[in-house]
Amino acid sequence: MNSVQEKFKKIKRNQIVVILEIIIFDIIMLIAIFTEVSSPIESMSIATIIIVAIIACVVTIGVVIFTIINWRCPNCNKYLGRSIASKFCKNCGANLV
Ligand SMILES: [Zn+2]
């Protein structure tokens, strides 16, 4: 195993962790929204919905920025594209797995 593949292993692991985190975050947000919706009308506040929406936007932007920085070829530093299952770099052809 060479260093490009070792570096890619770390990059892929970080990317998977972030994806899992956003999935868990989404589930928590959905539970929060449904709890809010199913509770009596007077306790349902627009402020809560706005706060949830802002947090969701910030987290999404954070994940996008992280992905742009993290999801790069360890050999040529080009963005690897949308597939998490990339086996080689489309730019330099380096084997990633
Ligand atoms: Zn490359």
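One can find the structure itself at the top, above this paragraph.
Each chain carries its own residue numbering, running from 1 in the direction its sequence is written. Whole-chain, interface and lining totals are the exception, using all residues; otherwise, since this is a predicted model, local features are given only for residues with pLDDT of at least 70 and side-chain atom pairs are given and counted only at 80 or more.

Secondary structure is summarised from DSSP: a helix means a run of H or I of at least four residues, a strand means a run of E of at least two, and numbering begins at the N terminus for each. A tally of regular secondary structure across the chain gives two helices and zero strands. The contact criterion used here is simple: two residues whose C-beta atoms, placed from the backbone, lie within 7 Å are in contact. Counting only contacts in the chain whose residues sit at least 6 apart along the sequence, the fraction spanning at least 24 positions is 39%.

Here we take up unusual backbone geometry. A negative phi holds for most residues other than glycine; trans holds for most peptide bonds. Even without a glycine there, the phi angle at N77 is positive, about 70 degrees. Within the fold, N77 resides in the segment after α2 (46-70). Judged by local crowding, N77 falls into the exposed class, with 10 C-beta atoms found within 10 Å. To sort residues by burial, count the other C-beta atoms lying within 10 Å of each one's C-beta; a count of 20 or more means buried, 12 or fewer means exposed, and anything in between means partly exposed. C-beta atoms are built from the backbone.

With respect to the helices and strands, the residue Y79 is situated in the segment after α2. Residues Y79 and T67 lie twelve residues apart in sequence; the distance between their C-alpha atoms is 9.0 Å.

Turning to its location among the elements, F25 is positioned in helix α1 (residues 3-38). The spacing of F25 and A56 is 31 residues in sequence and 8.6 Å in space, taken between C-alpha atoms.

Here we come to α2. Multiplying 1.5 Å by the helix residue count minus one yields the expected span of that helix. Look at α2: 36 Å from first C-alpha to last across 25 residues, which is about the 36 Å you get at 1.5 Å a residue. With zero of 25 residues buried, α2 is to be regarded as a mostly surface element.

Inspection of the secondary structure assignment puts K9 in helix α1. Overall, K9 belongs to the partly exposed group, with 14 C-beta atoms counted inside 10 Å. Residues K9 and V97 lie 88 residues apart in sequence; the distance between their C-alpha atoms is 7.7 Å.

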